[in-house]
Amino acid sequence: MAESGGTGMRKSSRRSRFDPAGPVTGLFFMALAGLFLADGLADENVLSATTLLPVVLIGLGLVGTVRVLTRSRRRDLR
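Heads up: these notes are all about the structure in this document. A quick note: this is a predicted structure, and the numbers were derived from the prediction, not measured.

1. Some details on the overall build of the protein
Each helix and strand counted, the protein has three helices and zero strands in total. Ordered by position from the N terminus, the helices and strands of the protein form the series α-α-α. Looking at the protein residue by residue over its 78 residues, the buried ones come to 14%. The long-range fraction of contacts in the protein, counting pairs at least 24 apart against all pairs at least 6 apart in sequence, stands at 77%. Split by element, the accessible area of the protein, about 6900 Å² in all, is 62% carbon and sulfur.

In structure tokens:
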């Protein structure tokens, strides 16, 4: 039989917490993909480029803010 040395996985006594950075980022990019898909399938523009660019930049700023605020949670999950 093999010995159970230090190579096995240890059970952490810490309770795993929900990290919202991944789902928020996923929702943002899914919404952005939906906008691009709707724009491609429609006969006319759904959003003009002057509206779409600020929406993308504001969304990336929000995603970045959530990732910075939840950085300590991601360090604890490793």
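Having seen it, we continue.
2. Notes on the environment of Phe36
Along the chain, Phe36 falls in helix α1 (residues 21-41). Sequence separation of Phe36 and Val46 is ten residues, and the distance between their C-alpha atoms is 8.6 Å.

3. Describing helix α2 (residues 49-69)
Here α2 spans 30 Å end to end across 21 residues, near enough to the 30 Å set by a 1.5 Å rise per residue. Where α2 is buried, its residues contact α1.

4. Quick notes on the packing of aromatic side chains
What the rule picks out here adds up to one aromatic pair. With a centroid separation of 5.0 Å and 65 degrees between ring planes, the pair formed by Phe28 and Phe29 is classed as edge-to-face. Using a relative accessible area of 41% as the deciding quantity, one classes Phe29 as partly exposed.

5. Some remarks on α1
With 21 residues, α1 extends 30 Å from end C-alpha to end C-alpha; this agrees with the ideal 30 Å at 1.5 Å per step. Of all the residues in α1, the buried ones are Ala21, Thr25, Phe28 and Leu32. End-on view of α1: buried residues confined to an arc of 65 degrees, all on one side of the axis. Away from its buried face, by an angle of more than 90 degrees, α1 presents the exposed residues Leu27, Met30, Leu37 and Leu41.

Cut-offs used in this document
Per-chain numbering applies: the sequence of each chain, read as written, is numbered from 1 onward. The predicted origin of the model limits local features to residues at a pLDDT of at least 70 and limits the giving and counting of side-chain atom pairs to 80 or more, whereas totals for whole chains, interfaces and linings rest on all residues. The basis for the side-chain values is all heavy atoms of the structure; hydrogens and waters are excluded. For the purposes of this entry, the term helix denotes a DSSP run of H or I that reaches at least four residues, the term strand denotes a run of E that reaches at least two, and both are numbered from the N terminus. Relative accessibility under 20% of the residue-type maximum defines a buried residue, over 50% an exposed one, and the middle range a partly exposed one, all with a 1.4 Å probe and only protein chains included. Contacts between residues were defined by any pair of non-hydrogen atoms, one from each residue, lying within 4.5 Å. Residue-level accessible areas treat just the shown protein chains as cover; the underlying method is Shrake-Rupley with a 1.4 Å probe. How far a helix is expected to stretch is found by multiplying one less than its residue total by 1.5 Å. Pairing of aromatic rings covers Phe, Tyr and Trp, the last counted by its six-membered ring, and requires centre-to-centre distances within 6.5 Å; plane angles under 30 degrees mean stacked, over 60 mean edge-to-face, and any other angle means tilted. The directions from the helix axis to the C-beta atoms are what the arc is built from.

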